[in-house]
Amino acid sequence: MELNTEHIKPLIGSRIHASRADFANPEFAAACRELLDERIVLLFPGIGLDDDEQLAFTDLFGERVNFVKQAPGGEAAARDVYKITLDPKINNAPEYVLGTFFWHMDGVMETFPPPLASLLTARSVAPRGGQTEFCNLYAAYEHLPDADKAELEGLRVHHSVFASIRGVLELDVTPADWQGISKSNDHPLVWTHEDGRKSLLVGTTAERVLDMPLAEGRALLVRLLEWAAQPDFSYRHEWAEGDFVVWKNSGALHRVIPYDRNSGRTMHRTSVLGTEAIR
Ligand SMILES: [Fe+2]
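About the cut-offs
Residues numbered from 1 in each chain as written. Predicted model: local features only at pLDDT ≥ 70, side-chain atom pairs only at ≥ 80, totals over all residues. Heavy atoms only, no water. Donors = N, O, S within 2.8 Å, 3.2 Å for Na, K, Ca; no water. Helix = DSSP H or I, 4+ residues; strand = E, 2+ residues; numbered from the N terminus. Buried < 20%, exposed > 50% of the residue type's maximum accessible area, 1.4 Å probe, protein only. Salt bridge = Lys/Arg side-chain N within 4 Å of Asp/Glu carboxyl O. Pairing = 2+ DSSP bridges. Axes fitted to C-alpha atoms, helices over the stretch in contact; angles between N-to-C directions. Contact = heavy atoms within 4.5 Å.

### Concerning the coordination of the iron ion
Reasoning step 1: In the first shell of the iron ion, the protein supplies His104 (NE2), Asp106 (OD) and His254 (NE2), at 2.1 to 2.2 Å from the metal.
Reasoning step 2: Sequence spacing of the donor residues for the iron ion, all on one chain, is H-x1-D-x147-H. Placement of the pair is His104 in the loop between helix H3 (95–98) and strand E5 (117–124) and His254 in strand E14 (residues 252–256), with a sequence separation of 150 residues. Exposure class is identical for His104 and His254. Each is buried.

Shown next, in the form of structure tokens:
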């Protein structure tokens, strides 16, 4: 099926013009799935899907996964749709969402592969802030100088929940409030995917480089994160109500620009299980 698309930026993002009915069409989903590998972020402006439509499209994309169902603020009864909000009336543990202010990939601390894709509908937007930024980790790797690529070969990185929420802990949140605080995983710094492509696996979950002095390792991680997030490889989405964005979680980092906790900003997220482990 031919999609009606345009590039948002040369190395990341495609805008797709479609109708709501398209989201129930397996051929449409398959075409989007293919485009996602190359463009990392797909934007469907103002499409206004309801939860059932979003879940149906999620199921066409792959195997649905709700990996935060048991997390604070997650609603077990919410049928695999995770409501992302800081509204204290809906989210009784908003600290978990504050971690999303920092560059991360969803699910790197889980025992299963990180979700392939995350799908987000804007239900209510913040008047100020609340934009979501994405960066393309394939492009970040591919554009590194060859000498840097050679230096990174074989390096492994310790990722932890604790590292990812350091900034949040300073806001009077104690580790005891956090479910999964001790979760951690070691991953290669360069992820060689099943299709042969490589991506740079960094983010605020990356705590230290194994077998490297702490300071040198952290300096390297900071430098690589800055490199990956540079404007050429990243896109900031300014949300309008009803916007639907799908991103390749396993090939991207994302973060949200801080917004007022009482702004009512609400996003509905679904996720598709990854099919390949980080290696
Ligand atoms: Fe996230």
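### Considering the pattern of salt bridges
Reasoning step 1: A complete count under the given rule lists 14 salt bridges for this structure.
Reasoning step 2: The partner of Arg33 in a salt bridge is Asp37, with the nearest N and O atoms 3.2 Å apart. Highlighted residues: Arg33 and Asp37, both in helix H1 (residues 26–39), separated by 4 residues, approximately one helical turn.
Reasoning step 3: Across the salt bridge formed by Asp37 and Lys248, the nearest N and O atoms sit 2.8 Å from each other. In this pair, Asp37 sits in helix H1 while Lys248 sits in the loop between strand E13 (244–247) and E14, placing the two residues 211 residues apart along the sequence.
Reasoning step 4: Looking at Lys248, the relative accessible area reads 4%, which means it is buried.
Reasoning step 5: Residues joined by salt bridges that share partners form a network here, namely Arg33, Asp37 and Lys248.

### Some words on the sheet that holds strand E1 (residues 4–9)
Reasoning step 1: An order of E1-E2-E3-E13-E5-E15-E4 is seen for the 7 strands of this open sheet, with the pairing classed as mixed. Whereas interior strands pair on both sides, the edge strands pair on one side only; in this sheet they are E1 and strand E4 (82–85). Strand-to-strand twist of the sheet, defined as the mean angle between neighbouring strand axes without regard to direction, takes the value 25°.
Reasoning step 2: One ladder, built from 4 bridges, connects strand E3 (residues 41–44) with E13; its direction is antiparallel. Counted as the bridge partner of Phe44 is Phe244 from E13.
Reasoning step 3: Here H1 sits on the sheet in contact with E1, strand E2 (12–17), E3, E5 and E13, set at roughly 135° to E3.
Reasoning step 4: Each of E5, E13 and strand E15 (266–272) touches helix H2 (residues 51–61); the most contacted strand, E15, lies at about 25° to it.

### Digging into the sheet that holds strand E12 (residues 234–237)
Reasoning step 1: Sheet architecture is open: 3 strands sit in the order E12-E6-E14, paired in antiparallel fashion. One side of each edge strand has no neighbouring strand; the edge strands of this open sheet are E12 and E14. Ignoring which end each strand starts from, the neighbouring axes of this sheet average 15° apart.
Reasoning step 2: As defined by bridge partners, strand E6 (residues 132–136) adjoins E14 across 5 bridges and the pair is classed as antiparallel. Residue pairing in the sheet places Asn136 in a bridge with Ala252 of E14.

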